[in-house]
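Chain by chain, the residues run as shown.
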Amino acid sequence: MLEIKNLTKIYDDGTVALKNVSFTVPDGEFLVIIGLSGSGKSTLLRCINRLIEPTEGQVIWNGVDVTPLKGEELRQYRREIGMIFQHFNLVKRSSVLKNVMSGRLGYAKTLPSMIGKFSVEDQQKAKKTIERLNIQDQVNKRADELSGGQQQRVGIARALMQDPKMILADEPVASLDPVLAHSILSNLERLNQEDKITIICSLHYLDLVQRYASRVIGLRLGEIVYEGTKAQIMKLTDEEFKEIYGEEAERIGGNLIGTVKEG
Amino acid sequence: MAKKQSAQKEPQKPSLVPPIIASILSAIIPGLGQMLARAFKRGLTILLSFVTIAGLLAWRIYLEGRRYTDIKTIILKAFQFSPILRFVFILLIVLYLWIILDAYLTARKSNKGSRAYGSGLVFFILAVFFLLGWQIGDINMGEFFSQAGEALPTMGRLLWPWEKAVTRPEEILIISTTVQSPCTDVEYPTGEIKEDEPYLVTSPTCGNPTESDGTAGTEFTLIGGNFNPGQEVEIWWSDPIGNEFRQRQSGEYVKVMPDANGDFEIKVIMPYRLIPPVAGEGPKIWEVQGRQVQSVGKAQLSEELTLSVEKMIETIIIGMMATLFGVILAIPISFLAARNLMSQNFLTKSIYYFVRTVLNIVRSIEPLIWAIIATIIVGLGPFAGILALTLHSIAALAKMYSEAIEGIDQGPIEAVQATGANWFQTIVYAVIPQIVPPFISFTIYRWDINIRMSTVIGFVGGGGIGFLLQQWIRLLDYKSAGIAVWFITITVMILDNVSAEIREKYN
Ligand SMILES: Nc1ncnc2c1ncn2[C@@H]1O[C@H](COP(=O)(O)OP(=O)(O)OP(=O)(O)O)[C@@H](O)[C@H]1O
Ligand SMILES: [Mg+2]
């Protein structure tokens, strides 16, 4: 179980990205975070696994406050939480296999892993994970030779190598077309349902939110402005929608929310 | 996007002066009218171009006619010597008038809210510049084509120098006899006529050499026997102090073809020779020789060829050593020159700017100039070349490496950290794969450039094949120079392919 308590993040330049955010994520939830660009979704996700240091507040993971963790303890905490990214964040020039294996670094011994040696179990685990995500034909290719959807599946495989209890997904489908978006999200859904991995995922399209989320949190200017269950999501009204996305937001094509971004 | 559009559509403000006034202003100062007609950049460009063209023209006129004193003659003579200048002068007047007209049109367009000024004037200015360039560059196509024909034989030797790649050591048969100069009362003995050995005798056996004023010397009849039939015999002299030289008559070397028995007879005039006083007073003994190639040995690689090979190896070594030293020193420096690593505080930022500046200065000085400086310190030779190329490589590589470091994508680093990897693992898995391929690619590229550069660094004394090439060209030995040029070309071509291949892999 993850508990966020009074989380505030103020960047060095004075930007207040999160303001006193508190919520709880029970195990097994598929929590979706929505909000305008710049509302603090990425900041929130990165505060959870401490890629960004929160300015104030606590992140409590299974009863332990992880905000003061350092060194080895921090790494042990991090390896329980997988992360996938909008731009996949694969090491482009490395092979798919190497990218997948890097998900196991938190468990591996430093020296052997530095020369690319992993235990037999780790290697078998990689093989299984790769097959599970159906990228076995790509293992020896360079990561940047893959299509976007394949790259994101490598990203998921890398996260799975961590044996994560929770996966943070920062706009995992924003650089993919709608068909691939569904394919990637159903992968996450399967992990959520079969492996009981908690998912926290930021999304932009309302139809995807309605289809996959078990609960939704809406952020606006670093504050939680909406919280709703799956049933409530289905009946999200235009008023509530505008509450989250601001006055100028419109529904585009029925259920689709326009990704109201500049440029 | 909305912002951009509004910036583009921002309407042109009307001209500050009416079109006629703009014209008059541009007649006083070319371009001023346009500047005031809200086309400031256009006006400035016109002004600068006009002043530059007029200045260059004045300078060329002065250069052509500077032997004359009054301005009018200088101009007239310059136009006479270099008709292009007259043409440019006329164009300058046309340009002046055009600028005046353009000021009028520009002001009118601005008043109509348009920014679409004509570009004809710009092309015209460019054309005048190129015309001046033609004159300043002393371009003479006629000479190029008429002289090219005469240069063909030399070019031929450069392009196909391979006769000089092998030599056949020749054994020379030298048969000589002596004559006395001047004659004395005692008759000088003649040589021996032999039965089955080659011999040479003269008649008479004494005489006088040709005088320095051209008075012809004594004519000798040379009779030779038992030489190799069918092979030319050259006539040589050895003067009283032992200097050997070939007999020339009316500009040609004297040679004679023996008959089937190997016998010959030929008349030669005793040549002129300046005999220094050390030879002493009184009658002296000269030697006259018949020389014939007796046997030709096996073909061997010529000295020029082996020397070229040796120097080519030296050249490649210079390039490789310079690259090696360059890489070793550039890697640490590149970290100091990477903005993303050096922007923590004032001190690191200062180091960053200092290193960047030094690198830029070092890089902007050509390796050839560094080589000249290096030869002052360490003398001529390959070491000077290595020093020069190393210095330049450090500067160039450190810049490219630091750009690769600056270009590191933070995303993968973040992702690897998120898996729980420690610092070392993050460096190995997320940083090194991002910088090593560009490092390799840049290094190979440098290596390629260094070997090219090392082929010419010898021209200024930096060792390698350039030194040989330059010497041979100075000695007008174009065949040997051709061999060197061939080696350079082949090496560079191979290198080009290899380096392209390797870089392809690491892109
Ligand atoms: N490193 C940083 N330094 C300063 N300000 C930052 C930094 N990173 C983000 N911000 C600011 O914090 C706010 C929240 O940014 P964040 O990236 O979390 O938003 P987001 O909801 O993920 O937006 P998007 O949908 O565009 O990814 C923004 O105003 C952003 O400009
Ligand atoms: Mg974001």
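Quick caveat: nothing in here was measured; it's all calculated off a predicted structure.

Undergrad: Honestly, the interface of chain B and chain A in this entry has me stumped. Any pointers?
TA: Facing 24 residues of chain B, the contacting portion of chain A comprises 30 residues. Of the roughly 2200 Å² buried between chain B and chain A, counting both surfaces, carbon and sulfur atoms make up 58%. On the chain B side of the contact with chain A, B:A418, B:T419 and B:Y429 bury the most area, a combined 30% of that side's loss. At the surface where chain B touches chain A, the tally comes to two salt bridges. B:E414 serves as the salt-bridge partner of A:R46, at 2.5 Å between the closest nitrogen and oxygen. Linking chain B with chain A are eight residue pairs in polar contact (both at pLDDT 80 or more), by the criterion used here. Those elements that provide at least two residues to the side of chain B that touches chain A are α13 (410–418) and α14 (423–457) of chain B. Counting residues per element, the side of chain B that touches chain A draws most heavily on α14(B), which supplies nine residues. When the residues that make up the side of chain B that touches chain A are grouped by side-chain class, the tally is 13 nonpolar, eight polar and three charged.

Undergrad: Teacher, can you tell me more about the packing of helix α11 (residues 367–378) of chain B against α14(B) here?
TA: Helix-helix packing is described using two parameters, namely the angle between the two axes and the distance between the axes. Residue and element names in this part refer to chain B. One can describe the packing of α11 onto α14 by two numbers: an axis separation of 10 Å at closest approach and a directional angle of 55 degrees. By the angle between their directions, the pair α11 and α14 is classed as oblique. Between α11 and α14 the crossing geometry is right-handed. On α14, the residues that touch P367, L368 and A371 of α11 are M453, V456 and I457.

Undergrad: Teacher, can you tell me more about the nonpolar core here?
TA: When a protein is soluble and globular, its nonpolar side chains tend to lie buried together. If you look at the biggest cluster of nonpolar residues, it comprises 82 residues, and the most contacted ones within it are A:L185, A:L188 and A:V209. The element contributing the most residues to this core is helix α12 (residues 382–406) of chain B, with nine residues. Ignoring sequence-local partners within four residues, the contact set of A:L185 consists of A:F30, A:P172, A:V173, A:C201, A:L203, A:L208 and A:Y212. Of all hydrophobic cores here, the second largest spans 31 residues; its members include A:M83, A:F85, B:A415 and B:A418.

Undergrad: What is the right way to look at the pairing of strand β6 (residues 81–85) of chain A in this model?
TA: On a regular strand, one side chain projects to one face of the sheet and the next to the other, so that they alternate. All names here are of chain A. Judged by how many residues are buried, β6 sits mostly within the fold: five of five residues are covered. Here β6 shows two buried faces, one formed by I81, M83 and F85 and the other by G82 and I84. Alignment of β6 against strand β7 (residues 166–170), held across five bridges, turns out to be parallel. Considered in β7, the bridge of I81 is made with M166.

What counts, and at which threshold
- Note that residues are indexed from 1 along each chain, following the sequence as it is written.
- Lettering for chains starts from A, numbering for ligands starts from 1, and both go in the order in which the items are written.
- Given that this is a predicted model, residues contribute local features only at a pLDDT of at least 70 and side-chain atom pairs are listed and counted only at 80 or more, while totals for whole chains, interfaces and linings are drawn from all residues.
- Only heavy atoms go into the side-chain values, all of them from the structure, while hydrogens and water stay out.
- Contacts are assigned to residue pairs that have any heavy atoms within 4.5 Å of one another.
- Buried area adds together the accessible area that both of two parts lose upon being put together, with accessible area traced by a 1.4 Å probe.
- Take a side-chain nitrogen of Lys or Arg and a carboxyl oxygen of Asp or Glu: if they are within 4 Å of each other, that pair is a salt bridge.
- Within 3.5 Å is the distance limit for a polar contact, defined as a pair of N or O atoms, with the added protein rule that one can donate a hydrogen and the other accept it, and that residues adjacent in sequence qualify only through two side-chain atoms.
- Under the scheme used here, helices are H or I runs from DSSP no shorter than 4 residues and strands are E runs no shorter than 2 residues, and both carry numbers assigned from the N terminus.
- Each residue is assigned to one class: nonpolar for Ala, Val, Leu, Ile, Met, Phe, Trp, Tyr, Cys and Pro, charged for Asp, Glu, Lys and Arg, and polar for all the others, Gly among them.
- Think of each axis as a best-fit line through the C-alpha atoms, taken over the contacting stretch in the case of a helix, with angles from 0 to 180 degrees between the N-to-C directions.
- Note on terminology: angles under 35 degrees are roughly parallel, angles over 145 are roughly antiparallel, angles of 65 to 115 are roughly perpendicular, and the others are oblique.
- Crossing handedness: left-handed means the near helix sits turned counterclockwise from the far one by under a right angle, and right-handed means the same turn made clockwise.
- Nonpolar cores are built from buried Ala, Val, Leu, Ile, Met, Phe, Trp, Tyr and Cys residues. Side-chain atoms within 4.5 Å join them into one set.
- Residue exposure (1.4 Å probe, protein chains only): buried if accessible area is under 20% of the type maximum, exposed if over 50%, otherwise partly exposed.
- Strands were regarded as paired on the criterion that DSSP finds at least two bridges between them.

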